[in-house]
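In case you want the letters, here they are:
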Amino acid sequence: MTNDVLLQILAAFLFCIGMLVVLLRRDTIMILMGIELLLNAANLSLVAFSKSAGMIEGQIQVFFVITIAAAESAVGLSILVNLYRNFGSIKTQSATTLKG
Amino acid sequence: MTLIEAFPLTALGLTEYINLLPVLILSGGGLLSLLAGTHKQSGHFRAFVVAFAAVVMALFQGNAVLFTSDVSILGETLVFSPFTKTLSLMLLSFSAIAVVLTYGQDKKEGLLAEIYGLILFATAGMVLMVSTQHLLFMFISLEIMSLAIYVLVAMRRTSSFSAEAGLKYFILGGLASALFLYGASLVFGATGTFDLGKISMFLSSHPNPSFIYYLGLGLVLTAMLFKVGAVPFHSWVPDVYQGAATNVTGLMGAAVKFTAFMALAKICQHMVFLENVAGLEWFQSYIWLVAAASMIYGNFVAIAQTEIKRMLAFSTIAHTGYLLLGLYAMNLGSTSPQDLILYLFFYALSNLGAFAVISQFEERNQKDLTLDQIAGLGVRHPFLGAFLTVFLLSMAGIPLTSGFIGKYGLFSSAVTAGEVPLVVIAVLTSVVSVYYYLRVIVYMFMKESTGEAATYQALKGAGLAAIVSAAATLQFGLFPRAVMSFVKMISK
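Residues numbered from 1 in each chain as written. Chains lettered and ligands numbered in written order. Predicted model: local features only at pLDDT ≥ 70, side-chain atom pairs only at ≥ 80, totals over all residues. Heavy atoms only, no water.

1. Digging into the overall build of chain B
Consideration 1: Counting secondary structure elements, chain B contains 21 helices and two strands.
Consideration 2: The C-alpha radius of gyration computed for chain B amounts to 22 Å, which stays within 12% of the reference 23 Å derived for 492 residues, consistent with globular compactness.
Consideration 3: When its C-alpha atoms are laid out on the principal axes, chain B stretches across 70 × 55 × 40 Å.
Consideration 4: Counting all 492 residues of chain B, 65% fall into the buried class.
Consideration 5: Relative to all contacts within chain B whose residues are 6 or more apart in sequence, the contacts with residues 24 or more apart total 81%.
Consideration 6: Total accessible area on chain B stands at roughly 17000 Å², and carbon and sulfur atoms take up 70% of it.
Consideration 7: With 24 positive and 22 negative side-chain charges, chain B shows a spacing of 7 Å between the two charge centroids. (Helix = DSSP H or I, 4+ residues; strand = E, 2+ residues; numbered from the N terminus. Rg over C-alpha atoms; globule rule 2.2 N^0.38 Å. Buried < 20%, exposed > 50% of the residue type's maximum accessible area, 1.4 Å probe, protein only. Contact = heavy atoms within 4.5 Å. Areas by Shrake-Rupley, 256 points an atom, 1.4 Å probe, with all protein chains shown as cover. Lys, Arg positive; Asp, Glu negative; His and termini not counted. Charge placed at Lys NZ, Arg CZ, Asp CG, Glu CD.)

2. Some words on the interface of chain B and chain A
Consideration 1: Each side of the interface is counted separately: chain B has 45 residues, and chain A has 47 residues.
Consideration 2: Inspection of the region where chain B meets chain A yields zero salt bridges.
Consideration 3: On the surface where chain B and chain A come into contact, there are four residue pairs in polar contact (both at pLDDT 80 or more).
Consideration 4: Breaking the side of chain B that touches chain A down by element, the ones donating at least two residues are α1 (3–6), α7 (135–153), α8 (160–191) and α11 (236–243) of chain B.
Consideration 5: The dominant element in the side of chain B that touches chain A, judged by the number of residues it contributes, is α8 of chain B, at 20 residues.
Consideration 6: Here the side of chain B that touches chain A is composed, by residue class, of 26 nonpolar, 11 polar and eight charged. (Salt bridge = Lys/Arg side-chain N within 4 Å of Asp/Glu carboxyl O. Polar contact = N/O pair within 3.5 Å; in protein donor to acceptor, adjacent residues only side chain to side chain. Nonpolar A, V, L, I, M, F, W, Y, C, P; charged D, E, K, R; others polar.)

3. Digging into the pattern of salt bridges
Residue and element names in this part refer to chain B.
Consideration 1: Counting across every chain of the model gives six salt bridges over all chains.
Consideration 2: With a shortest N-O distance of 3.4 Å, R156 and E109 are connected by a salt bridge. Taken together, the positions of R156 in the loop between α7 and α8 and E109 in helix α5 (residues 105–109) put the pair 47 residues apart, joining distant regions of the chain. Note on accessibility: R156 and E109 belong to one class, buried.
Consideration 3: Sharing partners across several salt bridges, the network here consists of E164, K168, D239 and R310.

4. A few points about the packing of helix α17 (residues 382–396) of chain B against helix α18 (residues 402–417) of chain B
Residue and element names in this part refer to chain B.
Consideration 1: Put simply, α17 and α18 touch, their axes get as near as 7 Å, and they point 5° apart. As the angle between them shows, α17 and α18 are arranged roughly parallel. Here S394, M395 and A396 of α17 come into contact with α18, specifically with S402, G403, F404 and K407.
Consideration 2: Across the contact of α17 with α18, the residue classes break down as three nonpolar, three polar and one charged. (Axes fitted to C-alpha atoms, helices over the stretch in contact; angles between N-to-C directions. Parallel < 35°, antiparallel > 145°, perpendicular 65-115°, else oblique.)

5. Considerations on the packing of helix α10 (residues 211–228) of chain B against helix α12 (residues 246–271) of chain B
All names here are of chain B.
Consideration 1: Their axes nearest at 9 Å, the elements α10 and α12 cross at an angle of 160°. With respect to their mutual orientation, α10 and α12 come out roughly antiparallel. Judged by the sense of rotation from one axis to the other, the crossing of α10 with α12 is left-handed. Counted together, Y213, L217, V220, L221, M224, L225, K227 and V228 of α10 and K257, A260, F261, A263, L264, I267, C268 and M271 of α12 form the full contact between these two elements.
Consideration 2: Counted by class, the contact of α10 with α12 contains 14 nonpolar, no polar and two charged residues. (Left-handed = near helix turned anticlockwise from the far one by under 90°.)

6. Here we look at a nonpolar patch on the surface
Consideration 1: Together, M1, V5, L6 and I9 of chain A line one region of the surface with nonpolar side chains, adding up to about 400 Å² of accessible area.
Consideration 2: You can see I9 of chain A is positioned in helix α1 (residues 3–24). (Patch = residues over 30% accessible without salt bridge, like charges linked within 9 Å, V, L, I, M, F, W, Y side chains within 5 Å.)

7. What about the nonpolar core?
Residues and elements named next belong to chain B.
Consideration 1: In terms of nonpolar packing, the biggest core is built from 213 residues, with F94, L135, I149, L312, L324 and L327 touching the most fellow members.
Consideration 2: For this core, the element with the most residues is α8, which contributes 19 residues.
Consideration 3: Sequence-distant contacts of L324, that is, excluding residues within four places in its chain, are made with L225, A230, F261, L264, I287, V290, A291 and S294. (Core = buried A, V, L, I, M, F, W, Y, C linked by side-chain atoms within 4.5 Å.)

8. Let's talk about unusual backbone geometry
Residue and element names in this part refer to chain B.
Consideration 1: The phi torsion at N276 lies on the positive side, around 65°, for a residue other than glycine.
Consideration 2: A positive phi angle, close to 80°, is found at L400, a residue other than glycine.
Consideration 3: With respect to the element layout, L400 can be found in the loop between α17 and α18.

9. A look at the packing of aromatic side chains
All names here are of chain B.
Consideration 1: Inspection of the entire model under this criterion finds 24 aromatic pairs over all chains.
Consideration 2: Seen in terms of ring centroids, F48 and Y103 are 4.4 Å apart; in terms of plane orientation they differ by 25°. Their pairing is stacked. Taken together, the residues F48 in helix α3 (residues 43–64) and Y103 in the loop between α4 (82–102) and α5 connect sequence positions 55 residues apart.
Consideration 3: Its relative accessible area of 13% is what places F48 among the buried residues.
Consideration 4: Here Y103 falls in the partly exposed class, since its relative accessible area comes to 28%. (Phe/Tyr/Trp six-rings, centres within 6.5 Å; stacked < 30°, edge-to-face > 60°.)

10. What to know about helix α15 (residues 338–359) of chain B
Consideration 1: With 22 residues, α15 of chain B extends 32 Å between its outermost C-alpha atoms, agreeing within 8% with the 32 Å of an ideal straight helix rising 1.5 Å per residue.
Consideration 2: Burial within α15 of chain B is extensive, with 22 of its 22 residues counted as buried. (Expected span 1.5 Å × (residues − 1).)

11. Concerning the confidence of the model for chain B
Consideration 1: Taken over all residues, the pLDDT of chain B has a mean of 90, while the share at 70 or more is 97%.
Consideration 2: Interface confidence for the predicted complex, expressed as ipTM, amounts to 0.95; the pTM equals 0.94. (pLDDT = per-residue confidence, 0-100.)

12. Quick look at the environment of S402 of chain B
All names here are of chain B.
Consideration 1: With respect to the secondary-structure elements, S402 resides in helix α18.
Consideration 2: The sequence separation of S402 and L78 amounts to 324 residues, and the corresponding C-alpha distance is 31 Å.
Consideration 3: Not counting residues within four places of it along the chain, the set of residues in contact with S402 comprises F346, S394, T473, F476 and G477.

13. A closer look at α4 of chain B
All names here are of chain B.
Consideration 1: Between its terminal C-alpha atoms α4 stretches 30 Å, which fits the 30 Å expected from 21 residues at 1.5 Å a residue.
Consideration 2: In terms of burial, α4 is largely enclosed, as 20 of its 21 residues are buried.
Consideration 3: Of the residues one or two after α4, G104 is the one with positive phi, at around 100°.

Following this line, the structure appears as structure tokens:
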């Protein structure tokens, strides 16, 4: 197997781990980290694809994605602070006032 | 290869700037509105004035350049044609109504003055989203929009519903964005480009793409179906609709849905609805199934609801189903999205109006209005009752309202395209939907409240928004020809 394929497998593996963290963990901080992991797995895959295709386009786009991931975690943490103020906990099972 | 070679920095000319101006005005206005909101006594009013002025300026500017020649920026990343500019104008008008609707509501719900700036930032993201053909740029504009909306949903800071809704929307929205990004990356790996037009060109010359393409397409479609709130991915919709402040709910039901659906239509047109490409019929059946499930689930669950905002949330899932039917019909017959645009435009206006009426009867931090609370509302407040009746009839698709025109166009084009089974489901389920829309009207005009009736709290902004939306709903319902031929002309 070439490096390109190995990198893609690594990216897919990281993506699956991130997905499992988001779906299974009850701690919202861990969920936030899971979302970051998902975005970074996608970044890795983008860089590897653009490297193997000899195009720089994907690599540049990664910078934008990193910026957005930073903004997203800022928003996410502020939502967590708000959650803690209202429920006194940041576990997902404490916030169950709505039915869905 | 150096960076400059890869990205030749073309200096933008005057025409490019003129076409970009609505976005620039929105983002500049958003920043100014944040600044104006810091004033101690009249911060809310100042922020409102700045935000409203910015949206109106962007509207007029966009209208002035509507029929100038097409401009594309950064090698077709952003395309400004009469089509995309009309979509932007529609979004700007929703945003203008939402800004007006927020005025008055902000003090009552204890929302910070920053809400106006956030609405503008979200609108800027939406305008970029409908103007782009580039998958990664779509991701970026999707995030510009969503990040603002996450904050807007959690904006009622003292309400635990709102905090919970914000959390749910943030986690599921973040997951969907990540799916979209990874999907875009896989599509890039399979086709070597992010540009939707080039992807469809690549597919027409390579009818058997590698399995990576299908994987990526599945992820992208799933993410977009999540954003529009279609059935297997709908679980956030009712909670977020109830938890968010009512003006934010109106904005979400109108503008966010419009944007996400136009992006989904664009993706489907270029990546799914192609002839002679192996395996794509599976994705077409996927859309068929999701459409049928959304219509059936949304309408039948809405019957069981006793709270208005929650009922409207389930009805919005059903409307997503009708729209997906229109999308599916685009594949078979007419490839022009005009029926979708008309339906979304009309639906968004009635949606904004309905939430404008509801917002005037809610207490601070109230989760929802129950049916019992609105009993007798139409007798006590005949005008507002009449407005809400118009909006609900429009959503049900009763003639003389714009909703009928939208629904008729959507269903008849689907029949012409030959998709009869799905239209039968749509018509039958919309008969079901008439029941729960009419039930609200019956409660308003024919029942007396047994418990505590909702008290009316006059909000000038919401009243104005309701009047504007009602006028538009009736106007487009009675005299639809002008707007129909206009949309037909630009979507060629």
